[in-house]
Each structure stands twice: as C-alpha cells, then as structure tokens.
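The lines below spell out each chain.
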Amino acid sequence: MKKHLKLGIFKSKGRLNNEPTSKYRSPFQRDRDRIIHSASFRRLKHKTQVFVNTEGDHFRTRITHSIEVAQIARSIAKYLNLNEDLAETLSLAHDLGHTPFGHAGEYALDECMENYGGFDHNLQTLRIVMFLENKYFKFKGLNLSIETLEGLLKHNGPVEDSNLVNSLIGLKIFKGKINFNTFPSLEAQISAISDDIAYNNHDIQDGINANLFKLEELIEIDFFRSIYLKYKKKINKKNYKIATYQIIRDSIDLMIRDLLTNTQKNLKNFKIKSIKDIANSDQLLVCFSNSIQKSEKEIKLFLRTKMYNNKLVLKKNQRGKIIIKKLFGIIKSNPRKFLTKDQLTKDKFRAISDFISGMTDRYAINLYNNFK
C-alpha cells in the first residue's frame, strides 16, 4: 500500500494546560503512560465485561478487554501507516468510564441520575481523564493531548448532543480547540472498530468457555460456518479448547483483513488526501465491507440470544442493578459519609455518580453487603 503519512496524526496540537514537551516520548506515548498509571485503569481489572468479576479467573474483565482492543488497534494502525501510539492510547482509555456490572450497571446509574443530568459511560471517560484523576500539582485530571481528548469525545463520530457534553463536562473547557461537528481521526475510528472486533469475538470465546453455548452452534452464523467446517474433522474432546482459540483467531484475522481492504478502498474512492479531508468527510472511513457488516449483525444477534439474555447472566445483571440503585439511595441520604466537602460543593448528584461509576464490582458488592 502507498504510504498515507499525511493521514496519520503525528504532531499534536498540544494540551489544554501547557506543558513542556518530552525529549524521550511523543505526546501520545505520554498520554498512554498516564492512562496506564491511572487508578481508574487499574480498577478495570475488577470490572465486569460480561461476567461479574467474582465468576472466574479466565473470563475477560474490562482491563483485559482494553488491552486486547489496544493490540488490535496497533496492528491496524501500523499497517495503514498511521499513529500506532494514538490508536493504542484511545483503546486503552475507551472503557475507563464504565460502571461496575457492565452495561446493566450503566443503565441502573443512568436511571438514578435521570433527574440530575443522566449518565453516559463515554462522557464519563472524559470526566475521569479531565477532572477526577488527580496526580499533578498544576492541573486537575491527566491533561491529555487535544487529539486524545477529541478521539475519546467523538467515540462514534461527530458529537450529536452538545448539551449533554456541556452538562457533564462543559464546552468552554475545551477552549475552542475541538470542532464537535467533524469526524474523528482515522486512529480514533480504528480504536472504535477494534473494540467491536475484540468484544464480538472474545464474548463468543467466553460464552463457549462458560458453557452458555457450544462451539458447534457457531454454524448458525454464516460468517463462522466456513471457519468451523474447516476444522470440524480435527475437533475432539481433547483439543476442544484449542479449536475454540483457532476459530476465534481465524475470525479476528478475517475481520481485520476485510477492514484493511475496505478502508483502503474508502480512502481511494472518497479521495482522502489529508487529515482535513477525514474531518470533513460525511461518514466513517474505517469500516467493514457490507458483507462483514451483515455478519457482525448476525454475531450480535447470536450473542444477545445465547449469552446476554441467558437466565444466569440476566440474574447476575439484575443483582448488579439492585446494588447500584441501593447504593445510590444510601449515599444520597448521607453523602458526607462517603464524599469530601470539595466533591460535594459543585454538584452533589454528579459527585455521587462519579463515586459509584468508579467502583469495582467487588467494592460495590462489599459496600452493599455492609448495609444489608
């Protein structure tokens, strides 16, 4: 492939709070390191991906998922001659704002915050890196580069609800350095689709390992049928787990190959020659072909039917919702017991939301049990 060096972000616009540059690391390497060393990132190891963290040692958690997303994103960015460090940074940070108990916890907290501005895990990630991680004398948050903030903000494309951004973060704080109406960098688009590749495949692997469905059932999905049939004669009880690994590997490889081919085609067809062209485009450029997009919908439907709507998974999720709502009520009735005066000064309910969303599964369970 012809090198598309003009399309990668290799020079930063700087940070909201000026800092001297480093001789040894690029701005995006520094962003990555700040995220990895943050308390919020460490807590992801005890946050649910699908299975509540107390379930078993080998299921994905938010931290292992984030690392897997980052690895996929780096590979794609490298092949396309884009900025691997920025793609990796965005991937490692993308789930920082998740509540305990996965999406069930997010829905419960959003319901609790219905009359107080709501809750959104993507914007919560911004709140964490901009306000809640405090490790520096000169500023609050991690003071990440403009490009990293923009990539996290435009997780799925241009900002659609600027009022929500304004209420949860504040538009003025960006100092006019981000255009909310344009499409994000190719590195941000890569990070977002790498998230899809990772969780679609790894949720299938975790579902098989949890005995929610069998490897043989993957033939219900057109995309997986040909992969499964390729190995069908080799599969037996002894190598069942290895076969699962192999099929998931093949699936990820096929998806990445399709993504690379289709993205290169898009860049050519839409005459994308500069970063400005990317921002001004009217669609995401890093995407699957129509065929794989259709397969992805099939995979998501399969997972929803066999895994996310499984009675045992739903039961655990329901318990997670009850815990979140109960904790919200307890903390709301006596916030000074849990939060500092400084935290409660600006917005009591947002401070409670920040506190609960930052909890790990086991911390939330233990706190809830203390009040039973």
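1. Focus: the environment of glycine 329
Next up, step 1: Structurally, glycine 329 is set in helix 14 (residues 311–333).
Next up, step 2: Given a relative accessible area of 32%, glycine 329 falls into the partly exposed group.
Next up, step 3: Along the sequence, glycine 329 and isoleucine 352 sit 23 residues apart, while their C-alpha atoms lie 9.9 Å from each other.

2. Quick look at the pattern of salt bridges
Next up, step 1: In the structure shown here, the tally under the stated rule is 21 salt bridges.
Next up, step 2: In this structure, the salt-bridge partner of aspartate 85 is arginine 74, at a minimum N-O distance of 3.1 Å. Taken together, the residues span a long stretch of sequence, with aspartate 85 in helix 4 (residues 84–93) and arginine 74 in helix 3 (residues 62–79) at a distance of 11 residues.
Next up, step 3: Members of the salt-bridge network, linked through shared partners, are Arg25, Arg32, Asp33, Arg74, Lys78, Glu84, Asp85 and Glu88.

3. Re the packing of helix 10 (residues 222–231) against helix 13 (residues 290–308)
To describe two helices that pack against each other, one gives the angle between their axes and the distance between the axes.
Next up, step 1: Running from N to C, helix 10 and helix 13 cross one another at 90 degrees; their axes reach a closest spacing of 8 Å. With respect to helix 13, the axis of helix 10 lies roughly perpendicular. Packed against helix 10, whose contacting residues are Asp222, Phe223 and Phe224, the element helix 13 presents Ile292, Ser295, Glu298 and Ile299 at the interface.

4. A closer look at the packing of helix 4 against helix 7 (residues 146–153)
Next up, step 1: At a closest axis distance of 10 Å, the pairing of helix 4 and helix 7 adopts a crossing angle of 50 degrees. With respect to helix 7, the element helix 4 is oriented oblique. Classified by chirality, the crossing of helix 7 by helix 4 is right-handed. Within the contact between the two elements, helix 4 uses Leu86, Thr89, Leu90 and Ala93 and helix 7 uses Glu147, Thr148, Gly151 and Leu152.

Criteria and cut-off values
Residues numbered from 1 in each chain as written. Predicted model: local features only at pLDDT ≥ 70, side-chain atom pairs only at ≥ 80, totals over all residues. Heavy atoms only, no water. Helix = DSSP H or I, 4+ residues; strand = E, 2+ residues; numbered from the N terminus. Buried < 20%, exposed > 50% of the residue type's maximum accessible area, 1.4 Å probe, protein only. Salt bridge = Lys/Arg side-chain N within 4 Å of Asp/Glu carboxyl O. Axes fitted to C-alpha atoms, helices over the stretch in contact; angles between N-to-C directions. Parallel < 35°, antiparallel > 145°, perpendicular 65-115°, else oblique. Contact = heavy atoms within 4.5 Å. Left-handed = near helix turned anticlockwise from the far one by under 90°.

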